[in-house]
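Listed below, chain by chain, are the residues.
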Amino acid sequence: MEVKDFTEIEQKQIKAGLSEAVISDKAAADKILALVPQEWIKRIPFFVRGHATTKTIERIAHQFPDLYAVAKREGELPEAEREKLRKIITEIFEEKMKKHKML
C-alpha cells in the first residue's frame with residue numbers, strides 16, 4: 001500500500017505525521033498486540049503502523065480498563081482474559097482494515 005492509495009485527507013495527515021498515543025505500559029501493549037495475527041500487522045503501511053497500533057491500545061485501555069489492568073500485570077495473560085482481548089483487538093483491527101481495504 002502506498003500513500004496514493006489513501007484519501008486526500010488521509011494523505012495530508014500522513015504528510016503532517018499521524019498522532020500516536022502515549023502508552024504508559026509498553027509490556028502490556030506488547031502482550032495485547034501479540035494477540036493480533038502478525039500478517040495483519042505487516043499489511044499496515046509502516047508510516048501509519050505506529051498510529052494504528054498505539055491508538056488501538058489506547059482505545060482498549062479506555063474502553064476495557066479491567067482487561068488492560070490484567071495485561072499490565074507481570075507474567076502471561078490468564079487464558080480467559082487473553083481470549084477476551086484477542087476477540088476485542090481482532091474485531092478492532094478487522095474493522096479498521098476493512099475500512100481501508102486491507103483485508
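Up top is the structure.
These numbers were taken from a predicted model, which means no experiment stands behind them. Numbers given for residues are sequential positions, taken from 1 along each chain in its written order. For a predicted model such as this one, the threshold for reporting local features is a pLDDT of at least 70, and the threshold for listing and counting side-chain atom pairs is 80 or more; totals across whole chains, interfaces and linings nevertheless cover every residue. Side-chain descriptors were evaluated using all non-hydrogen atoms of the structure, hydrogens and water having been removed beforehand.

A. Spatial organisation of unusual backbone geometry. Residues other than glycine seldom take positive phi values, yet K101 does so here, at roughly 55°. The class for K101 is exposed, based on a relative accessible area of 72%. Exposure is judged per residue with a 1.4 Å probe applied to protein chains only, and the accessible area is read against the type maximum: over 50% gives exposed, under 20% gives buried, and values in between give partly exposed.

B. Up close: the packing of aromatic side chains. Two rings belonging to Phe, Tyr or Trp (six-membered ring only in the last case) form a pair when the distance between their centres is within 6.5 Å. Interplanar angles under 30 degrees mark stacking, angles over 60 mark edge-to-face geometry, and anything in between is tilted. Taken as a whole and judged by the stated rule, the model has 2 aromatic pairs. Aromatic pair F46 and F47: ring centres 5.3 Å apart, planes at 85°, arrangement edge-to-face. Classification of F46 as exposed rests on a relative accessible area of 68%. One aromatic cluster in this structure is built from F6, F46 and F47.

C. Representation of the layout of surface pockets. Its volume calculated, the largest pocket comes out at about 390 Å³. A run of H or I in DSSP becomes a helix once it reaches four residues, and a run of E becomes a strand once it reaches two; helices and strands are each numbered from the N terminus. Of all the elements in the fold, those that place two or more residues in the lining of the largest pocket are helix 1 (8–16), helix 4 (46–63) and helix 6 (79–99). The element contributing the most residues to the lining of the largest pocket is helix 6, with 5 residues. Residues that form the lining of the largest pocket fall into these classes: 9 nonpolar, 3 polar and 4 charged. As defined here, a cavity is a set of points on a 1 Å grid over the protein atoms alone where a 1.4 Å probe fits but cannot get out. A pocket is an open set with protein on both sides within 12 Å along at least five of seven lines, and residues line them when an atom is within 4 Å of a point. Grid points are joined across faces, edges and corners, and a volume is the space filled by probe spheres set on the points. Gly counts as polar in this scheme, as do all residues outside two lists: the nonpolar Ala, Val, Leu, Ile, Met, Phe, Trp, Tyr, Cys and Pro, and the charged Asp, Glu, Lys and Arg.

D. Structural context of the environment of K101. Examined against the element boundaries, K101 turns out to sit in the segment after helix 6. Sequence separation between K101 and D5 is 96 residues; the distance between their C-alpha atoms is 9.7 Å.

E. Summary view of the pattern of salt bridges. Basic side-chain nitrogens of Lys or Arg form a salt bridge, by our definition, when they fall within 4 Å of a carboxyl oxygen of Asp or Glu. Per the stated rule, a full pass over the model turns up 6 salt bridges. Put simply, R86 and E83 hold a salt bridge, and the shortest N to O gap is 3.5 Å. With R86 and E83 both in helix 6 and 3 residues apart, the pair spans about one turn of that helix. For R86, a relative accessible area of 30% puts it in the partly exposed group. Residues E94 and K98 are paired through a salt bridge, measuring 3.7 Å at the closest nitrogen-oxygen approach. One end of the pair is E94 and the other is K98, both in helix 6 and 4 residues apart, which spans about a single turn. By relative accessible area, which is 52% here, K98 ends up exposed.

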